[in-house]
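Fold and contact review
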Amino acid sequence: MTNEKREFFISKQVMRSGTSIGANVRESIYAQSRADFISKMSIALKESSETEYWLELLFESGVIDENSFKSIYNDNSRISATLINIIKRTKESVS
């Protein structure tokens, strides 16, 4: 795979998984139940984890520099932490 094609492929994956986070959070607004809400937020968390993976590949392959990587990675980490907190609190409110 050429560098250009690899960069395009990985960047496209970041775009897909990154935008899926927001789409699942938006979908959770109209969840049919708490369980459905938790499911949607859990899917968003999984997409955040996948985004982290693709960002690591972009950095390790030299496509993005360290400053860009750290900035985007830290933003994604805060999103993951927020989702974990939402899921945890929602589960606790059910018990």
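A few points on the structure. Just so we're clear, the structure is a prediction, and the values are computed from it rather than from any experiment.

Moving on: the packing of aromatic side chains. Taken as a whole and judged by the stated rule, the model has four aromatic pairs. Seen from their ring centres, Tyr53 and Trp54 are 5.0 Å apart, and the 70 degrees between their planes marks the pair as edge-to-face. Exposure remark for Tyr53: the relative accessible area of 44% places this residue in the partly exposed category. A relative accessible area of 11% places Trp54 in the buried class. One aromatic cluster is present, built from ring pairs that chain together Phe9, Tyr53 and Trp54.

Right, let's get into the environment of Gln13. In this structure, Gln13 sits in helix H1 (residues 3-28). Distance in space between the C-alpha atoms of Gln13 and Lys40 is 20 Å, their sequence separation being 27 residues. In this structure Gln13 touches Glu50 and Trp54, once residues within four positions along its chain are discounted.

What follows deals with the environment of Ile43. Residue position: Ile43 is located in helix H2 (residues 34-60). Sequence-wise, Ile43 and Lys5 are 38 residues apart; in three dimensions their C-alpha atoms are separated by 28 Å.

Basis of the calculations
Residues numbered from 1 in each chain as written. Predicted model: local features only at pLDDT ≥ 70, side-chain atom pairs only at ≥ 80, totals over all residues. Heavy atoms only, no water. Phe/Tyr/Trp six-rings, centres within 6.5 Å; stacked < 30°, edge-to-face > 60°. Buried < 20%, exposed > 50% of the residue type's maximum accessible area, 1.4 Å probe, protein only. Helix = DSSP H or I, 4+ residues; strand = E, 2+ residues; numbered from the N terminus. Contact = heavy atoms within 4.5 Å.

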